[in-house]
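Next come the chains, spelled out residue by residue.
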Amino acid sequence: MRPESPPSLCILLVLLSLVANIRAAKVPAWNGHTTPGSVRLASFTPYYVPPGAKSYDSTSPLISYKGTWTDQYSTAYVGKSLRSTKEPNAEVSFTFTGTGIEWFGNMDKFHGLAVVMIDGKPVEEVDTYSDRVVPLKQQRLFWKFDLNLASHTIKIVNTAKRPGSTRNNVIDLDAFIVTRGSSEIASRKSKDDPTSSSVRISKDTRASSEWTLTQKGTTGVHAMQLTIISSTHALIVDKVEHNPITIDGHPAWAALYNLENDSIKPLKMQSNSFCAGGTFLGNGTLINVGGNPVVETFTSAADFGDLDGLQAIRIFEPCDSSSVEKCEMYENHARIRMASPRWYNTVIRISDGSAMIIGGSKKGGWMNNATVNNPTLEYYPPKDIHGSNGMPIPLPFLVKTLNSNLFPIAFFLPDGKVFMAANQDAMIYDWKTNTEQYLPQIPNNVRVTYPMTGTGLLLPLSPDNDYTPEILLCGGSTLDDTTPGYEISSQNPASSQCSRMVLNEEGIKAGWHVEYMPQARVMPDAVLLPTGKVLVVNGGASGISGYGNVIDQVGASNADNAVLTPVLYDPAAPSGQRFSSDGLPSSSIPRLYHSVATLTPAGNVMIAGSNPNLDRSEVKYGTEYRVEWLSPPYMSQERPKITNMVSKVDFDESFKLNIKVPSGSSDNVQVALMDLGYVTHAVHANSRLVYLKVTSSQKDELTVRGPPNGNVYPPGPGWLYLVVNGVASEGKKVMIGSGKGPTVDEAAIRNVLDNSAVDQYEISKGKTADDGSE
């Protein structure tokens, strides 16, 4: 018989057991909005019924079949049933009232081609073949979201064929989903062509003979994050949700958008990139940083990534070819990760070509607070600076600026320091000495960072004033960031204030110069044009960022009263005369939370996104996939051209530009070097315009000097635009600096890997630190 343990030992064993249980318990990685449906686990298939839609499974009496169809039954099918046919010309038809229709079924090596007709007109030939023996189930085979709110009939005809096959091939129907729409949503879509292709919507609205707004193309995945990667493609990154396009049998949450023909290529992502940041490095490699975890017991409808994204550093190598078949996102969390988790972090490129990763929250949610705040910065690649050996460096500014301080506004300055704004405060950070210089507070109690989101820009830099920097902050909210959500309304007015400061000794002493936009905006996007003017688009006139947090929500949106008319800001005009919406066309598409806009190589502005929802939604302020193109007046004028290729320009290096200019218009010539930025949540990280010195000008040739150093333009990719008398050319991509990557400190990398864990949720899923992913 075993002797009894003494009482003190029993107490100790109980305490140890309690500690072990506490450690084993999962800490929720999400402290934000959920819905009843979002907490139920489900397979991450394309099949999903968003709010504002209705599903009809294959046995619905409203669906008509012609020819021989066979019933199959399985819990893997919608409604536990599916109907299939291999008979040539067999048909299924369905009459519905709504603005969108989706067809779901299986894909495998026995499936083939079908013709889809809408209202009697063929719209697409759909290939349901997959090289899989085990079928991919609940796949979205066809989708169309741009119909008029009216009665429509979809008919699917089996061809029973596919290339290379001699037997009759199968198609099947698992379910239809109808986007029922509303009169308001329909009114925004009523002018769309109901027979346009499934991935193109085209509409042309001219408010004047100069500015043009065109609606064309759809993004396939919601455009939460946007950056231009080449003259032909933009990269779009979303959170994990039920987007229309698929990859590997599940919805995609990243895509490459072809700027020339509006086609889309889904990208494979491994971790959840919800609210990540991004930047290009000195060698042109793009990193996408941070995100959200796999939240299996909380927001499963929105968080299905294989890997926790909070510490993720995703690598996208330069991809300049017009063919993007081999372009991919790389992740391997066992080898490449941040030292600490970050959600809503800002990422900028600095003078050595590396990335500075700033702030964020340790878990997903809404308003930041002291419990989840990550008031630090770190670098990629990790560097041993200030004794950190690659680990995070405390940033007191991000403690001082709680609560509304996520996605801080940050720009690298020509003196080698960093401007930061968060909440109502701003500072200049010297990253080499790790010191903070506080600036005058933003006037009139205006907050400018999430969720009281405004936007910011570094105004154009010019050798004419020795590249003196000037910051512009626009929009936001005067709401108190300690106010609970149940006391905040979607109708609380946004701010129309713009605050501008010259960042030299005199300018800082003078403080902020206040101006006002014609309309108040929260969540605006500010886009630099090659002409030096600033286009402000998107946002709402009331409420704040986020979804599901406030009273008087519209759908799930925390904001309302979308501002549909852009405004142009001329920094060089006299005070009081800088804003104008004259001649600017109004959109019919509300773009609120999770909207984006960027300048393109062509010189127009790409506008996309809006999704104040946990997952895809079709109610008011639902998930927006349509793309708009806002073209400045110079797009329709005779434009100058850069006719030679300049692949690389080193600092302070002279180079030749062969040019072609309209006759009689060469008296005012500028060469604009631009970083088009990485855009998300109204943060245009790295957005930059530097006018270069033109040292010699002839009829068809310019001699130009590169930027003087990496402070004025951090080494990395850029775009050259020729501006003649206010008319801009198309942009030409160029590498600034040596083209080499930033210095790699192997010891600092090893220290980060040794002192940080691989994804807090991996162990709970039975994986190990050696799993990695490629």
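The structure this text deals with has already been given above.
Residues numbered from 1 in each chain as written. Predicted model: local features only at pLDDT ≥ 70, side-chain atom pairs only at ≥ 80, totals over all residues. Heavy atoms only, no water.

(A) Highlighting the overall build of the protein. Scanning the protein from N- to C-terminus turns up five helices and 56 strands. The burial tally for the protein puts 61% of its 774 residues in the buried class. The contacts in the protein between residues at least 6 apart in sequence include a share of 69% that link residues at least 24 apart. Counting only carbon and sulfur atoms, one obtains 50% of the accessible surface of the protein, whose full area is about 28900 Å². (Helix = DSSP H or I, 4+ residues; strand = E, 2+ residues; numbered from the N terminus. Buried < 20%, exposed > 50% of the residue type's maximum accessible area, 1.4 Å probe, protein only. Contact = heavy atoms within 4.5 Å. Areas by Shrake-Rupley, 256 points an atom, 1.4 Å probe, with all protein chains shown as cover.)

(B) Just the sheet that holds strand β31 (residues 425-430), in detail. An order of β29-β30-β31-β32 is seen for the four strands of this open sheet, with the pairing classed as antiparallel. In this open sheet, the two edge strands, each paired with only one partner strand, are β29 (409-412) and β32 (435-438). Going from strand to strand, the sheet's axes swing by 25° on average, the running direction of each strand aside. Bridge count between β29 and strand β30 (residues 418-422): four bridges; the pairing is antiparallel. Looking at the pairing, Ile409 lines up with Ala421 of β30. (Pairing = 2+ DSSP bridges. Axes fitted to C-alpha atoms, helices over the stretch in contact; angles between N-to-C directions.)

(C) Quick peek at the pairing of strand β5 (residues 91-98). Judged from the four bridges that link them, strand β2 (residues 63-66) and β5 form a sheet pairing that is antiparallel. Bridging across to β5, Tyr65 finds its partner in Val92. Alignment of β5 against strand β10 (residues 150-158), held across eight bridges, turns out to be antiparallel. Along β10, the bridge assignment pairs Phe94 with Ile154.

(D) Layout of the state of the cysteines. Summed over the entire model, instances satisfying the criterion amount to two disulfides. Here Cys319 is linked by a disulfide to Cys327, with a sulfur-sulfur distance of 1.6 Å. When the S-S torsion is 45°, as for the bridge of Cys319 with Cys327, the disulfide is right-handed. For Cys319, a relative accessible area of 7% gives the class buried. One disulfide bridge connects Cys474 with Cys498, the sulfur atoms lying 2.0 Å from each other. With the S-S dihedral at roughly 120°, the linkage between Cys474 and Cys498 falls on the right-handed side. Of this pair, Cys474 sits in strand β34 (residues 470-475) while Cys498 sits in strand β35 (residues 497-502), placing them 24 residues apart in sequence. Here the two residues Cys474 and Cys498 agree in accessibility, since each one is buried. (Disulfide = S-S within 2.5 Å.)

(E) Representation of the sheet that holds strand β1 (residues 53-57) within the structure. With antiparallel pairing, four strands are arranged side by side in an open sheet as β1-β12-β6-β9. Both edges of this open sheet fall to β1 and β9 (136-144), since each of them pairs with a single strand only. Pairwise comparison of adjacent strand axes, ignoring direction, gives a mean angle of 25° for this sheet.

(F) Focus on the pairing of strand β45 (residues 626-631). Of all six residues that make up β45, six are buried, and the element is covered over most of its length. Along β45, one buried face is formed by Arg626, Glu628 and Leu630 and the opposite face, lined by Val627, Trp629 and Ser631, is buried too. Both strand β14 (residues 212-218) and β45 contribute to a ladder of five bridges, which runs antiparallel. The partner of Thr212 across the bridge, within β45, is Ser631. Judged from the three bridges that link them, strand β44 (residues 605-609) and β45 form a sheet pairing that is antiparallel. Opposite Val605, over in β45, you have Leu630 as the bridge partner.

(G) The side chain of Gln225, seen in detail. Mapping Gln225 onto the fold places it in strand β15 (residues 225-228). Within the local environment of Gln225, its side chain forms a polar contact with the backbone oxygen of Ser273, the two atoms lying 2.9 Å apart. There is a polar contact of 2.9 Å between the side chain of Gln225 and the side chain of Asn288. Beyond its immediate stretch of four places on either side in the chain, Gln225 contacts Leu235, Ile236, Val237, Asp238, Ser273, Cys275, Ala276, Asn288, Val596, Tyr678, Val679 and Thr680. (Polar contact = N/O pair within 3.5 Å; in protein donor to acceptor, adjacent residues only side chain to side chain.)

(H) Main features of the side chain of Asp560. Inspection of the secondary structure puts Asp560 in strand β40 (residues 557-562). The buried charged residue Asp560 lacks any salt bridge, with Lys620 as its nearest oppositely charged partner at 4.5 Å. Within polar-contact distance, the side chain of Asp560 engages the side chain of Gln491 at 2.9 Å. The contacts of Asp560, once residues within four sequence positions are left out, are Ser490, Gln491, Gly540, Ala541, Ser542, Val554, Lys620 and Tyr621. (Lys, Arg positive; Asp, Glu negative; His and termini not counted. Salt bridge = Lys/Arg side-chain N within 4 Å of Asp/Glu carboxyl O.)

(I) Main features of the pattern of salt bridges. Counted by the stated rule, this structure contains 22 salt bridges. Residue Lys268 is joined to Asp248 by a salt bridge in which the shortest nitrogen-to-oxygen separation is 4.0 Å. Separated by 20 residues along the polypeptide, Lys268 in the loop between β20 (264-266) and β21 (277-280) and Asp248 in the loop between β17 (246-247) and β18 (250-251) bring together distant segments of the chain. A relative accessible area of 44% places Lys268 in the partly exposed class. Judged by relative accessible area, which is 52%, Asp248 ranks as exposed. Measuring nitrogen to oxygen at the nearest pair gives 3.9 Å for the salt bridge that ties Glu701 to Lys656.

(J) View of helix α5 (residues 746-754). Those residues of α5 not exposed but buried are Ala748, Asn751, Val752 and Leu753. The distance from a side-chain oxygen at the start of α5 to the backbone nitrogen of Ala747 is 3.1 Å, and the residue carrying that oxygen is Asp745.

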